[in-house]
Amino acid sequence: MITWFYFIVLVIAVVMTGSFLYKNKNVDTIFILFSILVTVNCLGRYMQACAESLETAIWANRLLYIGGCYAPLMTLLVMARLCTIKLPRPLVAFLTAYASVVLGFVMTIGYNGLYYASVEVVHGNGYNFLVKEYGPFHILYPIMMGMYSLILLWFMVYAIKRRQQISTRTVVTIGVIGSAVFLTYLLERLAGSKISYLSIGYLVGMLLLTKFFDRINMYDMSANIVSSIERMKEYGYIVVDNKYRFVSANENIKELFPEIRGWLVDKEIPSTDSYLYQKVFRGLVENAGEAGVSRTVSVQERYFQVDIRELSYGRKTQIGYLIEFIDRTAERNYYNTIEEYNTKLEKDVEEKTEHITYIKDMMVLGMADMVESRDRNTGGHIKRTSQVIRIFAEQLKNMRNSSNFPINS
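Numbers given to residues run from 1 along each chain, matching the order in which its sequence is written. Local features in a predicted model are, by the rule used here, given only for residues with pLDDT of at least 70; side-chain atom pairs are given and counted only at 80 or more, and totals for whole chains, interfaces and linings are based on all residues. For the side-chain quantities, the full set of heavy atoms in the structure was used; hydrogens and water were omitted.

**Section: the overall build of the protein**
In step 1: Put simply, DSSP H or I for four residues or longer makes a helix, DSSP E for two residues or longer makes a strand, and each gets a number counted from the N terminus. The number of helices and strands found in the protein is 11 helices and seven strands.
In step 2: Buried residues are those whose accessible area, probed at 1.4 Å on protein chains only, stays under 20% of the maximum for their type, while exposed residues exceed 50% and partly exposed ones sit between those limits. By residue count, 42% of the 409 residues in the protein fall in the buried class.
In step 3: Put simply, the protein shows about 23100 Å² of open surface, and 60% of that area lies on carbon and sulfur atoms. Per-residue accessibility takes into account occlusion by the displayed protein chains alone, with areas from the Shrake-Rupley method and a 1.4 Å probe.

Structure follows, in C-alpha coordinates:
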(Lines give C-alpha, C1' and ligand atoms only; values in the text may rest on other atoms or scores of the structure.)
Protein backbone atom coordinates (compact mmCIF):
# COMPACT_ATOMS: atom_id res chain seq x y z
CA MET A 1 0.00 0.00 0.00
CA ILE A 2 2.78 2.43 0.92
CA THR A 3 4.67 1.51 -2.24
CA TRP A 4 1.61 2.37 -4.30
CA PHE A 5 1.34 5.66 -2.42
CA TYR A 6 4.91 6.61 -3.40
CA PHE A 7 4.28 5.44 -6.99
CA ILE A 8 1.15 7.60 -7.34
CA VAL A 9 3.04 10.59 -5.94
CA LEU A 10 5.81 9.98 -8.50
CA VAL A 11 3.32 9.75 -11.39
CA ILE A 12 1.62 12.98 -10.29
CA ALA A 13 5.01 14.73 -10.15
CA VAL A 14 5.95 13.54 -13.66
CA VAL A 15 2.55 14.52 -15.10
CA MET A 16 2.62 17.95 -13.44
CA THR A 17 6.16 18.63 -14.67
CA GLY A 18 5.33 17.55 -18.22
CA SER A 19 2.08 19.51 -18.26
CA PHE A 20 3.80 22.60 -16.87
CA LEU A 21 6.54 22.50 -19.52
CA TYR A 22 4.01 21.87 -22.32
CA LYS A 23 1.62 24.68 -21.39
CA ASN A 24 4.35 27.27 -20.92
CA LYS A 25 6.55 27.73 -23.95
CA ASN A 26 9.16 29.96 -22.29
CA VAL A 27 9.85 28.63 -18.82
CA ASP A 28 12.39 30.10 -16.42
CA THR A 29 15.29 27.81 -15.47
CA ILE A 30 14.39 28.10 -11.78
CA PHE A 31 10.95 26.59 -12.39
CA ILE A 32 12.38 23.81 -14.53
CA LEU A 33 14.94 22.92 -11.85
CA PHE A 34 12.33 23.04 -9.10
CA SER A 35 10.01 20.68 -11.01
CA ILE A 36 12.82 18.26 -11.88
CA LEU A 37 14.17 18.19 -8.31
CA VAL A 38 10.71 17.47 -6.89
CA THR A 39 10.33 14.63 -9.40
CA VAL A 40 13.77 13.23 -8.47
CA ASN A 41 12.82 13.38 -4.79
CA CYS A 42 9.61 11.44 -5.49
CA LEU A 43 11.56 8.91 -7.57
CA GLY A 44 13.96 8.33 -4.69
CA ARG A 45 11.07 7.72 -2.28
CA TYR A 46 9.51 5.17 -4.61
CA MET A 47 12.82 3.39 -5.34
CA GLN A 48 13.58 3.12 -1.64
CA ALA A 49 10.16 1.59 -0.96
CA CYS A 50 10.88 -1.02 -3.67
CA ALA A 51 14.53 -1.66 -2.74
CA GLU A 52 15.34 -5.25 -1.83
CA SER A 53 19.01 -4.68 -1.04
CA LEU A 54 20.79 -2.21 1.20
CA GLU A 55 22.89 -0.88 -1.67
CA THR A 56 19.79 -0.10 -3.77
CA ALA A 57 18.09 1.54 -0.78
CA ILE A 58 21.17 3.74 -0.15
CA TRP A 59 21.26 4.88 -3.80
CA ALA A 60 17.55 5.65 -3.64
CA ASN A 61 18.23 7.64 -0.45
CA ARG A 62 20.88 9.65 -2.30
CA LEU A 63 18.38 10.44 -5.05
CA LEU A 64 15.77 11.75 -2.65
CA TYR A 65 18.43 13.86 -0.92
CA ILE A 66 19.35 15.48 -4.25
CA GLY A 67 15.82 16.81 -4.35
CA GLY A 68 15.74 17.36 -0.59
CA CYS A 69 18.87 19.55 -0.62
CA TYR A 70 18.22 21.71 -3.68
CA ALA A 71 14.42 21.83 -4.01
CA PRO A 72 14.07 24.05 -0.88
CA LEU A 73 16.70 26.39 -2.37
CA MET A 74 14.75 26.57 -5.63
CA THR A 75 11.64 27.29 -3.55
CA LEU A 76 13.36 30.31 -2.00
CA LEU A 77 14.46 31.57 -5.40
CA VAL A 78 10.89 31.25 -6.67
CA MET A 79 9.65 33.13 -3.59
CA ALA A 80 12.16 35.88 -4.36
CA ARG A 81 10.67 36.13 -7.86
CA LEU A 82 7.18 36.39 -6.39
CA CYS A 83 8.29 39.24 -4.11
CA THR A 84 10.36 40.87 -6.86
CA ILE A 85 13.43 40.60 -4.63
CA LYS A 86 16.90 40.10 -6.04
CA LEU A 87 18.74 37.94 -3.53
CA PRO A 88 22.40 38.90 -2.99
CA ARG A 89 24.71 36.65 -4.97
CA PRO A 90 26.90 35.86 -1.92
CA LEU A 91 23.79 34.57 -0.09
CA VAL A 92 22.73 32.39 -3.04
CA ALA A 93 26.30 31.10 -3.40
CA PHE A 94 26.46 30.30 0.34
CA LEU A 95 23.14 28.42 0.33
CA THR A 96 24.14 26.49 -2.80
CA ALA A 97 27.52 25.58 -1.29
CA TYR A 98 25.89 24.58 2.00
CA ALA A 99 23.39 22.30 0.22
CA SER A 100 26.26 20.78 -1.78
CA VAL A 101 28.22 20.08 1.40
CA VAL A 102 25.19 18.33 2.93
CA LEU A 103 24.74 16.28 -0.24
CA GLY A 104 28.44 15.43 -0.18
CA PHE A 105 28.07 13.92 3.29
CA VAL A 106 24.95 12.03 2.13
CA MET A 107 27.05 10.44 -0.61
CA THR A 108 29.33 8.94 2.08
CA ILE A 109 26.48 6.84 3.49
CA GLY A 110 27.53 3.20 3.41
CA TYR A 111 31.21 4.09 3.40
CA ASN A 112 31.62 5.80 6.79
CA GLY A 113 29.57 7.00 9.74
CA LEU A 114 29.79 10.75 9.12
CA TYR A 115 26.14 11.25 8.10
CA TYR A 116 24.56 7.94 9.15
CA ALA A 117 26.48 6.13 11.88
CA SER A 118 24.70 2.93 10.89
CA VAL A 119 22.02 2.00 8.36
CA GLU A 120 20.04 -1.07 7.39
CA VAL A 121 17.08 -1.83 5.14
CA VAL A 122 13.93 -3.20 6.75
CA HIS A 123 11.20 -5.11 4.88
CA GLY A 124 7.68 -4.92 6.21
CA ASN A 125 4.06 -3.95 5.57
CA GLY A 126 4.48 -4.19 1.80
CA TYR A 127 7.32 -1.67 1.50
CA ASN A 128 10.97 -1.19 2.45
CA PHE A 129 12.57 1.61 4.43
CA LEU A 130 15.89 2.51 5.99
CA VAL A 131 16.49 2.31 9.71
CA LYS A 132 19.42 4.54 10.48
CA GLU A 133 21.40 6.00 13.35
CA TYR A 134 22.39 9.57 12.69
CA GLY A 135 26.05 10.54 12.56
CA PRO A 136 27.65 13.83 13.72
CA PHE A 137 27.11 15.70 10.42
CA HIS A 138 23.43 14.88 10.02
CA ILE A 139 22.64 18.02 12.06
CA LEU A 140 23.65 20.05 8.98
CA TYR A 141 20.38 19.19 7.20
CA PRO A 142 18.00 20.44 9.97
CA ILE A 143 20.13 23.59 10.22
CA MET A 144 19.76 24.12 6.46
CA MET A 145 15.99 23.72 6.65
CA GLY A 146 15.94 26.15 9.59
CA MET A 147 17.82 28.76 7.53
CA TYR A 148 15.36 28.33 4.68
CA SER A 149 12.45 28.76 7.10
CA LEU A 150 13.86 32.02 8.49
CA ILE A 151 14.43 33.45 5.01
CA LEU A 152 10.93 32.44 4.00
CA LEU A 153 9.51 34.15 7.09
CA TRP A 154 11.41 37.30 6.13
CA PHE A 155 9.87 37.10 2.63
CA MET A 156 6.40 37.01 4.15
CA VAL A 157 7.06 40.01 6.41
CA TYR A 158 8.54 41.93 3.48
CA ALA A 159 5.55 41.09 1.27
CA ILE A 160 3.07 42.21 3.94
CA LYS A 161 4.86 45.53 4.39
CA ARG A 162 4.78 46.13 0.64
CA ARG A 163 1.13 45.18 0.25
CA GLN A 164 0.57 47.95 -2.32
CA GLN A 165 3.30 46.54 -4.55
CA ILE A 166 2.90 42.83 -3.74
CA SER A 167 -0.54 41.24 -3.86
CA THR A 168 -2.23 39.46 -0.98
CA ARG A 169 -2.43 36.36 -3.17
CA THR A 170 1.35 36.37 -3.38
CA VAL A 171 1.71 36.50 0.40
CA VAL A 172 -0.78 33.65 0.79
CA THR A 173 1.03 31.61 -1.85
CA ILE A 174 4.35 32.11 -0.06
CA GLY A 175 2.80 31.04 3.22
CA VAL A 176 1.13 27.92 1.79
CA ILE A 177 4.22 26.76 -0.12
CA GLY A 178 6.46 27.38 2.88
CA SER A 179 4.10 25.57 5.22
CA ALA A 180 3.67 22.67 2.81
CA VAL A 181 7.41 22.07 2.53
CA PHE A 182 8.98 23.09 5.84
CA LEU A 183 6.17 22.22 8.28
CA THR A 184 5.76 18.81 6.64
CA TYR A 185 9.44 18.16 7.29
CA LEU A 186 9.21 19.39 10.89
CA LEU A 187 6.12 17.31 11.72
CA GLU A 188 7.69 14.29 10.07
CA ARG A 189 10.77 14.60 12.26
CA LEU A 190 8.82 15.21 15.46
CA ALA A 191 6.49 12.27 14.85
CA GLY A 192 9.33 9.93 13.91
CA SER A 193 7.23 8.53 11.08
CA LYS A 194 8.66 5.82 8.88
CA ILE A 195 6.52 7.16 6.02
CA SER A 196 7.66 10.42 4.43
CA TYR A 197 5.04 12.95 3.36
CA LEU A 198 7.56 15.61 2.34
CA SER A 199 7.00 14.82 -1.34
CA ILE A 200 3.35 15.77 -0.85
CA GLY A 201 4.50 19.15 0.42
CA TYR A 202 6.62 19.62 -2.68
CA LEU A 203 3.70 18.64 -4.92
CA VAL A 204 1.47 21.25 -3.26
CA GLY A 205 4.18 23.83 -3.91
CA MET A 206 4.50 22.73 -7.54
CA LEU A 207 0.74 22.87 -8.04
CA LEU A 208 0.51 26.42 -6.66
CA LEU A 209 3.47 27.62 -8.69
CA THR A 210 2.07 26.08 -11.87
CA LYS A 211 -1.22 27.87 -11.31
CA PHE A 212 0.57 31.08 -10.34
CA PHE A 213 3.12 30.98 -13.16
CA ASP A 214 1.25 33.36 -15.50
CA ARG A 215 0.99 35.88 -12.70
CA ILE A 216 4.69 35.63 -11.92
CA ASN A 217 5.54 36.31 -15.55
CA MET A 218 3.26 39.34 -15.61
CA TYR A 219 5.21 40.75 -12.66
CA ASP A 220 8.46 39.88 -14.38
CA MET A 221 7.21 41.38 -17.64
CA SER A 222 6.39 44.59 -15.80
CA ALA A 223 9.88 44.65 -14.31
CA ASN A 224 11.42 44.21 -17.76
CA ILE A 225 9.30 47.02 -19.18
CA VAL A 226 10.28 49.31 -16.32
CA SER A 227 13.98 48.60 -16.74
CA SER A 228 13.89 49.32 -20.48
CA ILE A 229 11.76 52.49 -20.53
CA GLU A 230 12.32 54.07 -17.12
CA ARG A 231 14.29 56.89 -18.72
CA MET A 232 11.66 57.61 -21.36
CA LYS A 233 9.81 60.54 -19.81
CA GLU A 234 7.37 60.67 -22.73
CA TYR A 235 6.16 57.11 -22.07
CA GLY A 236 3.84 55.71 -19.41
CA TYR A 237 2.14 52.37 -19.00
CA ILE A 238 -0.36 50.48 -16.87
CA VAL A 239 -0.60 46.67 -16.78
CA VAL A 240 -3.82 44.87 -15.80
CA ASP A 241 -4.75 41.20 -16.03
CA ASN A 242 -7.60 39.80 -18.11
CA LYS A 243 -10.00 40.43 -15.21
CA TYR A 244 -8.96 44.11 -15.13
CA ARG A 245 -7.04 43.75 -11.87
CA PHE A 246 -4.11 46.11 -11.36
CA VAL A 247 -0.62 44.62 -11.83
CA SER A 248 1.79 47.55 -12.14
CA ALA A 249 2.46 51.03 -13.55
CA ASN A 250 5.56 53.13 -14.01
CA GLU A 251 6.36 56.35 -12.16
CA ASN A 252 5.68 58.57 -15.18
CA ILE A 253 2.02 57.57 -15.32
CA LYS A 254 1.70 57.78 -11.53
CA GLU A 255 2.87 61.39 -11.65
CA LEU A 256 0.33 62.08 -14.38
CA PHE A 257 -2.51 60.30 -12.51
CA PRO A 258 -1.73 60.31 -8.75
CA GLU A 259 -4.83 58.19 -8.04
CA ILE A 260 -2.88 55.14 -9.27
CA ARG A 261 -0.72 55.28 -6.13
CA GLY A 262 -3.75 54.22 -4.14
CA TRP A 263 -4.51 51.16 -6.29
CA LEU A 264 -3.76 47.76 -4.77
CA VAL A 265 -2.01 45.00 -6.69
CA ASP A 266 -4.39 42.21 -7.78
CA LYS A 267 -7.44 44.35 -7.03
CA GLU A 268 -9.87 45.49 -9.72
CA ILE A 269 -9.43 48.99 -11.11
CA PRO A 270 -11.85 51.11 -9.02
CA SER A 271 -14.86 52.37 -10.97
CA THR A 272 -14.93 56.14 -10.41
CA ASP A 273 -15.81 59.38 -12.16
CA SER A 274 -12.14 60.17 -12.61
CA TYR A 275 -10.83 61.29 -15.99
CA LEU A 276 -8.55 58.24 -16.20
CA TYR A 277 -11.36 55.73 -15.67
CA GLN A 278 -13.91 57.48 -17.88
CA LYS A 279 -11.53 58.10 -20.81
CA VAL A 280 -9.45 54.91 -20.66
CA PHE A 281 -10.77 52.05 -18.53
CA ARG A 282 -14.50 52.42 -18.93
CA GLY A 283 -14.55 51.23 -22.53
CA LEU A 284 -12.04 48.47 -21.75
CA VAL A 285 -14.21 47.05 -18.96
CA GLU A 286 -17.64 47.58 -20.52
CA ASN A 287 -16.65 46.17 -23.90
CA ALA A 288 -14.79 43.19 -22.41
CA GLY A 289 -11.47 44.31 -23.82
CA GLU A 290 -10.59 46.95 -26.41
CA ALA A 291 -7.26 45.64 -27.62
CA GLY A 292 -5.99 47.55 -30.62
CA VAL A 293 -7.99 50.67 -29.74
CA SER A 294 -6.08 53.95 -29.96
CA ARG A 295 -7.31 57.32 -28.72
CA THR A 296 -5.97 60.71 -27.68
CA VAL A 297 -6.42 62.19 -24.20
CA SER A 298 -5.46 65.62 -22.91
CA VAL A 299 -3.89 65.89 -19.45
CA GLN A 300 -2.25 68.96 -17.92
CA GLU A 301 -2.02 70.70 -21.32
CA ARG A 302 -0.28 67.65 -22.73
CA TYR A 303 -1.63 65.28 -25.36
CA PHE A 304 -1.19 61.50 -25.04
CA GLN A 305 -1.85 58.75 -27.52
CA VAL A 306 -3.38 55.84 -25.58
CA ASP A 307 -2.94 52.35 -27.06
CA ILE A 308 -4.44 49.20 -25.52
CA ARG A 309 -2.62 45.98 -26.34
CA GLU A 310 -3.23 42.37 -25.34
CA LEU A 311 -0.54 40.61 -23.33
CA SER A 312 0.23 36.99 -24.06
CA TYR A 313 2.81 34.52 -22.79
CA GLY A 314 3.88 31.26 -24.37
CA ARG A 315 0.80 29.34 -25.49
CA LYS A 316 -1.47 31.58 -23.45
CA THR A 317 -3.25 33.70 -26.04
CA GLN A 318 -4.25 36.46 -23.67
CA ILE A 319 -3.37 37.00 -20.00
CA GLY A 320 -3.88 40.75 -19.62
CA TYR A 321 -3.65 44.22 -21.14
CA LEU A 322 -0.91 46.80 -21.54
CA ILE A 323 -2.24 50.37 -21.65
CA GLU A 324 0.44 52.64 -23.15
CA PHE A 325 0.53 56.44 -22.87
CA ILE A 326 2.79 58.09 -25.46
CA ASP A 327 3.33 61.85 -25.20
CA ARG A 328 2.35 63.45 -28.52
CA THR A 329 2.34 67.05 -27.28
CA ALA A 330 5.21 68.18 -29.52
CA GLU A 331 3.62 66.58 -32.58
CA ARG A 332 0.23 68.08 -31.72
CA ASN A 333 1.73 71.54 -31.28
CA TYR A 334 3.56 71.20 -34.59
CA TYR A 335 0.35 70.14 -36.30
CA ASN A 336 -1.54 73.07 -34.76
CA THR A 337 1.19 75.45 -35.94
CA ILE A 338 0.93 74.11 -39.49
CA GLU A 339 -2.87 74.45 -39.37
CA GLU A 340 -2.62 78.02 -38.16
CA TYR A 341 -0.08 78.86 -40.87
CA ASN A 342 -2.28 77.29 -43.58
CA THR A 343 -5.32 79.19 -42.35
CA LYS A 344 -3.40 82.47 -42.33
CA LEU A 345 -1.96 81.75 -45.78
CA GLU A 346 -5.40 81.01 -47.22
CA LYS A 347 -6.75 84.22 -45.71
CA ASP A 348 -3.88 86.27 -47.18
CA VAL A 349 -4.35 84.67 -50.60
CA GLU A 350 -8.07 85.35 -50.48
CA GLU A 351 -7.56 88.99 -49.50
CA LYS A 352 -4.99 89.57 -52.25
CA THR A 353 -7.17 87.79 -54.78
CA GLU A 354 -10.09 90.03 -53.90
CA HIS A 355 -7.81 93.07 -54.19
CA ILE A 356 -6.57 92.00 -57.63
CA THR A 357 -10.13 91.26 -58.75
CA TYR A 358 -11.21 94.72 -57.59
CA ILE A 359 -8.39 96.40 -59.52
CA LYS A 360 -9.18 94.29 -62.59
CA ASP A 361 -12.87 95.27 -62.41
CA MET A 362 -11.96 98.91 -62.11
CA MET A 363 -9.75 98.65 -65.14
CA VAL A 364 -12.44 96.87 -67.17
CA LEU A 365 -15.09 99.40 -66.13
CA GLY A 366 -12.74 102.25 -66.92
CA MET A 367 -12.08 100.87 -70.36
CA ALA A 368 -15.82 100.29 -70.86
CA ASP A 369 -16.59 103.91 -69.92
CA MET A 370 -13.92 105.10 -72.32
CA VAL A 371 -15.29 102.95 -75.16
CA GLU A 372 -18.87 103.87 -74.28
CA SER A 373 -18.02 107.56 -74.67
CA ARG A 374 -17.30 106.79 -78.29
CA ASP A 375 -19.59 103.79 -78.93
CA ARG A 376 -22.50 103.29 -76.48
CA ASN A 377 -23.42 99.77 -77.72
CA THR A 378 -19.88 98.38 -77.45
CA GLY A 379 -19.32 99.93 -73.98
CA GLY A 380 -22.56 98.44 -72.61
CA HIS A 381 -21.63 95.07 -74.02
CA ILE A 382 -18.26 95.13 -72.24
CA LYS A 383 -19.93 96.00 -68.90
CA ARG A 384 -22.49 93.22 -69.24
CA THR A 385 -19.81 90.69 -70.22
CA SER A 386 -17.68 91.71 -67.21
CA GLN A 387 -20.61 91.19 -64.83
CA VAL A 388 -21.36 87.74 -66.25
CA ILE A 389 -17.71 86.69 -65.94
CA ARG A 390 -17.62 87.96 -62.35
CA ILE A 391 -20.75 86.01 -61.44
CA PHE A 392 -19.31 82.91 -63.09
CA ALA A 393 -16.00 83.30 -61.24
CA GLU A 394 -17.79 83.59 -57.87
CA GLN A 395 -19.87 80.48 -58.58
CA LEU A 396 -16.74 78.62 -59.63
CA LYS A 397 -15.02 79.65 -56.40
CA ASN A 398 -17.96 78.44 -54.31
CA MET A 399 -17.99 75.12 -56.12
CA ARG A 400 -14.27 74.63 -55.57
CA ASN A 401 -14.73 75.26 -51.84
CA SER A 402 -17.53 72.69 -51.73
CA SER A 403 -16.57 69.13 -50.67
CA ASN A 404 -18.60 67.76 -53.57
CA PHE A 405 -16.50 69.55 -56.22
CA PRO A 406 -13.67 67.34 -57.57
CA ILE A 407 -10.59 69.55 -57.32
CA ASN A 408 -7.79 68.87 -59.77
CA SER A 409 -9.82 66.15 -61.43
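**A closer look at the pairing of strand E3 (residues 235-241)**
In step 1: Of all the seven residues making up E3, seven are buried; the element is thus mostly covered by neighbouring parts of the structure.
In step 2: Both faces of E3 are covered, namely the face carrying Tyr 235, Tyr 237, Val 239 and Asp 241 and the face carrying Gly 236, Ile 238 and Val 240.
In step 3: Counting the residues that bridge the hairpin from E3 to strand E4 (residues 246-249) gives four residues, and of these Tyr 244 lies at a positive phi of roughly 65°. Between any two strands, pairing holds if DSSP finds at least two bridges.

**As for a nonpolar patch on the surface**
In step 1: Patch membership is restricted to residues that have no salt bridge and whose relative accessible area is over 30%. Joining uses 9 Å for like charges and 5 Å for the nonpolar side chains Val, Leu, Ile, Met, Phe, Trp and Tyr. Whenever Lys or Arg places a side-chain nitrogen within 4 Å of a carboxyl oxygen from Asp or Glu, that contact is recorded as a salt bridge. On the surface, Trp 4, Phe 7, Ile 8, Val 11, Ile 12 and Val 15 cluster together into a nonpolar patch covering about 550 Å² of accessible area.
In step 2: Here Phe 7 is to be found in helix H1 (residues 2-23).

**Structural notes on the nonpolar core**
One recurring pattern in soluble globular proteins: nonpolar side chains tend to sit buried together.
In step 1: Among buried residues, those of type Ala, Val, Leu, Ile, Met, Phe, Trp, Tyr and Cys that are joined through side-chain atoms within 4.5 Å constitute a nonpolar core. Of all hydrophobic cores here, the largest spans 50 residues; its most connected members are Tyr 65, Cys 69, Tyr 115 and Phe 155.
In step 2: Listing elements by their share of this core, those giving two or more residues are H1, helix H2 (29-50), helix H3 (54-82), helix H4 (89-106), helix H5 (140-161) and helix H7 (198-229).
In step 3: With 25 residues, the next largest nonpolar core counts Ile 238, Phe 257, Tyr 321 and Phe 325 among its residues.

**What about the packing of aromatic side chains?**
In step 1: Ring geometry is summarised as follows: Phe, Tyr and Trp rings, the Trp one being its six-membered ring, pair when their centres sit within 6.5 Å, and such pairs are stacked at plane angles under 30 degrees, edge-to-face over 60 and tilted between the two. Taken as a whole, this structure holds 12 aromatic pairs when the rule is applied.
In step 2: Centre to centre, the rings of Tyr 65 and Tyr 115 are 5.5 Å apart; their planes meet at 90°, and the pair counts as edge-to-face. Here the residue Tyr 65 occupies a position in helix H3, and Tyr 115 occupies one in the loop between H4 and strand E1 (116-124), the gap between them amounting to 50 residues. The burial state of Tyr 65 is the same as that of Tyr 115; both residues are buried.
In step 3: When the ring of Tyr 65 is compared with that of Tyr 141, the centres are 5.4 Å apart and the planes differ by 80°; the resulting orientation is edge-to-face. With a gap of 76 residues between them, Tyr 65 in helix H3 and Tyr 141 in helix H5 connect regions that are remote in the sequence.

**Here we look at the pattern of salt bridges**
In step 1: As enumerated under the stated definition, the model contains six salt bridges in all.
In step 2: Here Arg 309 and Asp 307 are joined by a salt bridge, their closest N and O atoms 3.7 Å apart.
In step 3: A residue is classified by how much of its surface remains accessible, and Arg 309, at 41% relative accessible area, is partly exposed.
In step 4: Asp 307 gets classed as buried once you look at its relative accessible area, which sits at 8%.

**Quick look at the environment of Leu 33**
In step 1: By secondary structure assignment, the location of Leu 33 is in helix H2.
In step 2: Overall, Leu 33 belongs to the partly exposed group, its relative accessible area being 39%.
In step 3: Sequence spacing of Leu 33 and Met 74 is 41 residues, and the spatial spacing of their C-alpha atoms is 7.2 Å.

**What about the side chain of Thr 108?**
In step 1: Examined against the element boundaries, Thr 108 turns out to sit in the loop between H4 and E1.
In step 2: Should any heavy atoms of two residues lie within 4.5 Å, those residues are considered in contact. Contact partners of Thr 108, with chain neighbours within four places excluded, come to Leu 114 and Tyr 115.

**Observations regarding H4**
In step 1: With 18 residues, H4 extends 26 Å between its outermost C-alpha atoms, agreeing within 8% with the 26 Å of an ideal straight helix rising 1.5 Å per residue.
In step 2: Listing the buried residues of H4 in full gives Leu 95, Tyr 98, Ala 99, Val 102, Leu 103, Phe 105 and Val 106. Each buried residue of H4 sits inside an arc of 160° when the element is viewed along its axis, so together they form one side. Projecting away from the buried face of H4 at angles above 90 degrees are the exposed residues Arg 89 and Pro 90. Here a helix's expected span is defined as the number of its residues, less one, multiplied by 1.5 Å. Picture the helix axis, draw a direction to every C-beta atom, and the arc is the one those directions span.

**What to know about the environment of Val 204**
In step 1: Among the structural elements, Val 204 can be located in helix H7.
In step 2: Sequence separation between Val 204 and Val 176 is 28 residues; the distance between their C-alpha atoms is 8.4 Å.

**Re the environment of Tyr 116**
In step 1: Inspection of the secondary structure assignment puts Tyr 116 in strand E1.
In step 2: Note on Tyr 116: relative accessible area 3%, which makes it buried.
In step 3: For Tyr 116 and Tyr 134, which are 18 residues apart along the polypeptide, the C-alpha to C-alpha distance reads 4.5 Å.
In step 4: Among residues more than four places away in sequence, those in contact with Tyr 116 are Asn 61, Tyr 65, Ile 109, Lys 132, Glu 133, Tyr 134, Gly 135 and His 138.

**So, H5**
In step 1: For H5, with 22 residues, the first-to-last C-alpha span of 32 Å sits near the 32 Å given by 1.5 Å per residue.
In step 2: Residues Leu 140, Tyr 141, Met 144, Met 145, Tyr 148, Ile 151, Leu 152, Phe 155 and Ala 159 constitute the buried set of H5. Each buried residue of H5 sits inside an arc of 135° when the element is viewed along its axis, so together they form one side. In H5, those exposed residues whose orientation departs by more than 90 degrees from the buried face are Leu 150, Leu 153 and Lys 161.

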